Every structure is written in structure tokens, then in C-alpha cells.
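Single-letter residue listing:
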Number of protein chains: 2
Amino acid sequence: MVSRPVGFEQQASSGALGSVDLGPADLVPFDDRGLAYGDGLFETVLLRAGAPVLWEHHRARLALGCDRLGIPFPCQDALDATWQGDPTAELEVLKLILTRGSGGRGYAEPESITPRLLSRRTPFQPVVKRWQEGVRVRLCNLRLGHQPYLAGIKHLNRLENVLARREWRDASIAEGLLADSAGRVVEATSMNVFWQQAGALFTPPLDQCGVAGTLRAALIDQGAVTQAALPLGELSAVDQLWVANSVQGVWPVTTLFSTNGSRLQRWPLPASDPLQCLAHPLLGFA
Amino acid sequence: MVSRPVGFEQQASSGALGSVDLGPADLVPFDDRGLAYGDGLFETVLLRAGAPVLWEHHRARLALGCDRLGIPFPCQDALDATWQGDPTAELEVLKLILTRGSGGRGYAEPESITPRLLSRRTPFQPVVKRWQEGVRVRLCNLRLGHQPYLAGIKHLNRLENVLARREWRDASIAEGLLADSAGRVVEATSMNVFWQQAGALFTPPLDQCGVAGTLRAALIDQGAVTQAALPLGELSAVDQLWVANSVQGVWPVTTLFSTNGSRLQRWPLPASDPLQCLAHPLLGFA
């Protein structure tokens, strides 16, 4: 039995909450601040047999985001209710959206905040071919702006990512690499970036921009990956490059293209992929 | 008679569209990209006796935003339908939200875009006391990040403004001044900034960050105001300072406070306010 938590509006769009009436499922009103200003956060969580993977890392990032934005963190019951219930597939993706809720005068938040928590579950299959054969990636023209107040958290202001993803339509390009205004590699449009140099694994620091992924956090916590700056000019010289996240897993980059489509670098597939060996067990991938 | 324009979903929440059925009024679905990513634009328009004020400037800014984001610009009928209909008050505020609509895979937009246009009308009264007595303003700690792809347009990624507005709760402070990461004054949280120096009127350029207001645009078009940089260190030395927008009109700043609440500068009220004399006729204010 799921009850509506005090002070939270909660809506779910799968059958996960059964017959519990949580208002107009799956809809937000005009005055929701998530819609009006992107005033909120989201999480995209892999569910395996109905159980969230890397859940504590997702909770931690959501909590950090709530702290930065000043949005009350949902109670345990409310968060758990988003994924509890019978799975519809072995693998699903759970998307959570948490907004500051409705109201306030313009940008000023209302006296009393009632955050709105929405969720949706969708069956999912990873692209195994990309694990095995690697991916082609291009550099994006757009440079991420610096904003330390928003860096790292998964907030709803994602126009930079949307605009970067609009830079190409070629389906053979799996991802776009984003650098910041200082010319340092930050992330891919929807994945984090990792590289190998002299046998060690690295990922860029995300204290000025970018989204700190949960798989990245787990790998850093394990001591498997170290944060280091990667200027664009040094990108072609790394021994191996990957893009990865907690839903898709780890894709080795085999070819890197410039913003004008010319080939900058090729990497052979690693015989035994060191990042996959570390990361895929965390996600339950073979 | 208002008809639903081809290729656009349109929803209005006042009585303005009468009995025309435009779907579930005033609600957007979970997968709307405005909610998911702030992937859209908005406008806040003063209506006088039901007619939009500075409408061509609002249309022009919306068109610029659509061009930057790659969102189809709504047809004339769709836009006009948002304000046509009997007014409920002499003055109203019309808020438009235009999103890229639903769909796509993650940040990638769908093959076919169906933008969603939402609108709401609310009765409004300007704060005449602030025109007459001026306002107290504080500097914000948050610095606006540079992002030329998004600068000037009124997009839905407004977390910087929300966070800046959260920096104070003292109701006697009317606005917060925002500088950029280079230490130049850019705007107030929901208004543009103007100043007078040696008899001439200026406003900051907004090519790296900030929202280019329609009143500001009209004043620049008139040749009444010139764009110029204003480093924070020179702020206290200007002859007069104002914050203004196309809904509230022009507020002279009488006192400026630092981020820690100490008083930085006081300005006497201008005997005959030169910016109000130029701007208020454009808005129909006495």
C-alpha cells in the first residue's frame, strides 16, 4: 500500500502504483516551476527485475541537487514508491522528475513549497553491439558555460545538451563530446567521458559544468577512476577513450570526428576492456 | 472562431478561447520537453484592454528564440489566439510558454516536432509606489555564466534567476542585481538594468548572458538607450540607476546594498525621471 506523502504531490504513470489515486497521472499544470523555469531535478535509473541499480548513488545525487536548489528532499516512501511494484520487463528505465512544485511570484518561490515528484517506467534493452564494437563520436561546437552553482547536479536546465545533440543527425555517430569555454573536455551529451593513459583511468572534474553520473561516482568511490583535466588538444593522444552512463553501460570510442566531420583519431578496440570490466558488474551487465 | 493550427498543440487557461476544445487545458504531459529539459521559450506580455503592448517586440524575441533553439515559430493565428478574447481587467499579464513538444530519444529531438503553445492571462496592477518612490536593490552572489548560444533569448532554463532570487527574503528589497563571471553588471533577476551617466542612458550588452527585455529593445530601437559595459566597480559611480521591464515599468533605484547587506550607494529620486518619461508612454502608463 502506497500512501501519498505529506507535503508532496506524487504522480506515477506506469501500473506500478496500482489503483492508488494520485491525481491526474503524468500531467503537470501550467504553473509548475519545473515547466516554467526548469526549476527541478531528474534521475534516470536502471531497474533490474524491478530493483533500482546504483540506487544509493542516484539518491545521493538527487539529495545534492535538492540541497543546491533548496528543494525539500522527498521522503523515503515517496522515492521508493516510484519503483516498487511489478516489473514489466527484466530491464526498465525509471525516470524521476522532481520539481519545486507550483506557485510563487515570478522567480520568487512560494512561502510554502510543495514539490512535485513524477515518475515513469519504460522497458529497456542496452545496445550490446556498442559494448562489443565501440562507437563513433564527434566533437560539438557548443561549449558548456561555467556555473559552479549548477555543476554536477542533474537539474532540468538542459538546453546546452539539447543544442549540442542537435548538431548532428548522422545515426552512425553515437555521441557528441562537449568541452567547456576553457577548452577542456567535460562530458558527452548524455554520458560521462573516461580515458586511459599509461594504464590508469581518468574522468574530467565536473565542478564548473556537466552532470556527474552515478556510474562515474561509483567508479570514483571504488578508486578505479581519478579526476583529471583533459584539454581538447590532448584528446587525440589518450590511449583509450570511452563514453558511459548507468543505463547504457560503457561504450569504447573507436573513432573521433572533429566538428566539421573530419577524422581526428582512431583507437583499436581494447582486447579486454578495462572500463567495462570495472563498470558492467556494477550494473549487472555480463 | 479560433481553430487549432496545424502542427501545433495549443492550450489556453483563461476564458479567452471560450468553448473551443483545445485538449486538457493548462496541463503538459510528463514527456513534454519543456518540462524535461527546459526545452522551450516564454514571454510575459502586458495586455491593455485586451491588446498586447510591445507585441512586435515580443514576437521578434520569440522568433529569435525559435531560431536559436530550432523550434518552429507558431503561426500568426496561433499566437494571436492567446490574447484575443474579452479582457477580464483593464490590465492583464499574458504568459506564453512555447515548448518543443513531446518525444525524441533523450536529448535528441523527434523526427517530427509538434511544438506546444500554452498561455494564461492574469489581471495585473503595476506597483505605482515603486515608480514614485523608487526601490531598494541588492547585489546577488551568483554570477551569470557565459553561454552565447542562449544569451538574450527568454528560454525556459532559468535556474540562475531562481537561485539568485532565493538569496534574499526581505520584502523591502525589490530586486537583485546580477553580474556575470567577468564582474560586469548584466541584469536584475527579472528586469533589465539601465543607468545614466553624463546625461546619457545606457544598458548592458546581453551577448553572453541575460534576457533582452522588450522594453529595453524598444528603447534601444528608439535610440534613447545605448549598450555599454558596466563593471561592478563602477556601479556606485553612475548618476542614476534603474531596473525596468515591459510589465512593471521603470523603477528608479534609491539604495543599493552589497551581498552582505551593507549599503553601497544612495541616489536621490530624479525630479523628472528621464527613463520613465521615455519608457512609460511605450507601455501606456501615465
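Residues numbered from 1 in each chain as written. Chains lettered and ligands numbered in written order. Predicted model: local features only at pLDDT ≥ 70, side-chain atom pairs only at ≥ 80, totals over all residues. Heavy atoms only, no water.

So, on to the packing of helix α2 (residues 55–69) of chain B against helix α6 (residues 214–221) of chain B. A pair of packed helices is captured by two measures, namely the crossing angle of their axes and the spacing between those axes. Residue and element names in this part refer to chain B. Look at α2 against α6: their axes get within 9 Å of each other, and the N-to-C directions meet at 110°. Between α2 and α6, the angle falls in the class roughly perpendicular. Touching His57, His58 and Arg61 of α2 are Thr214, Ala217, Ala218 and Asp221, all from α6. Class assignment of the residues belonging to the contact of α2 with α6 gives a composition of two nonpolar, three polar and two charged. (Axes fitted to C-alpha atoms, helices over the stretch in contact; angles between N-to-C directions. Helix = DSSP H or I, 4+ residues; strand = E, 2+ residues; numbered from the N terminus. Parallel < 35°, antiparallel > 145°, perpendicular 65-115°, else oblique. Contact = heavy atoms within 4.5 Å. Nonpolar A, V, L, I, M, F, W, Y, C, P; charged D, E, K, R; others polar.)

Further remarks concern the nonpolar core. In this structure, Leu177(A), Leu241(A) and Val243(A) are the most contacted members of the largest nonpolar core, which totals 42 residues. Counting only domains with at least three residues in this core, you end up with domain 1 (9–123) and domain 2 (128–283) of chain A. Excluding residues that lie within four positions of it along the chain, Leu241(A) makes contacts with Leu177(A), Val193(A), Phe194(A), Trp195(A), Leu235(A), Trp251(A), Pro252(A), Val253(A) and Trp267(A). Trp131(B), Ala174(B), Val253(B) and Leu275(B) belong to the second-largest nonpolar core, a separate cluster that totals 41 residues. (Core = buried A, V, L, I, M, F, W, Y, C linked by side-chain atoms within 4.5 Å. Buried < 20%, exposed > 50% of the residue type's maximum accessible area, 1.4 Å probe, protein only. Domains from an automatic or database assignment.)

With that settled, the discussion passes to the confidence of the model for chain A. All names here are of chain A. Model confidence for chain A is summarised by a mean pLDDT of 92, while 92% of its residues fall at 70 or above. Predicted confidence for residues 1–6 stays below pLDDT 50, and this span has 10 contacts to residues more than four positions away or in other chains. Across residues 14–24, confidence stays below pLDDT 50; counting only partners more than four residues off in sequence or on other chains, it has 16 contacts. (pLDDT = per-residue confidence, 0-100.)

Applying the stated criterion to the full structure yields one cavity of 30 Å³ or more. Counted as a void, the largest cavity has a volume near 430 Å³. Contributing to the lining of the largest cavity are 31 residues, with Leu150(A), Glu160(A), Gln147(B), Leu150(B) and Glu160(B) lying nearest its centre. Taken together, the elements giving at least two residues each to the lining of the largest cavity come down to α5 (159–165) of chain A together with α5 (159–165) of chain B. Its residues assigned to classes, the lining of the largest cavity shows 10 nonpolar, 16 polar and five charged. (1 Å grid on protein atoms, 1.4 Å probe; cavity = no way out; pocket = protein on both sides within 12 Å on 5 of 7 lines; lining within 4 Å. Points joined across faces, edges and corners; volume = space filled by probe spheres on them.)

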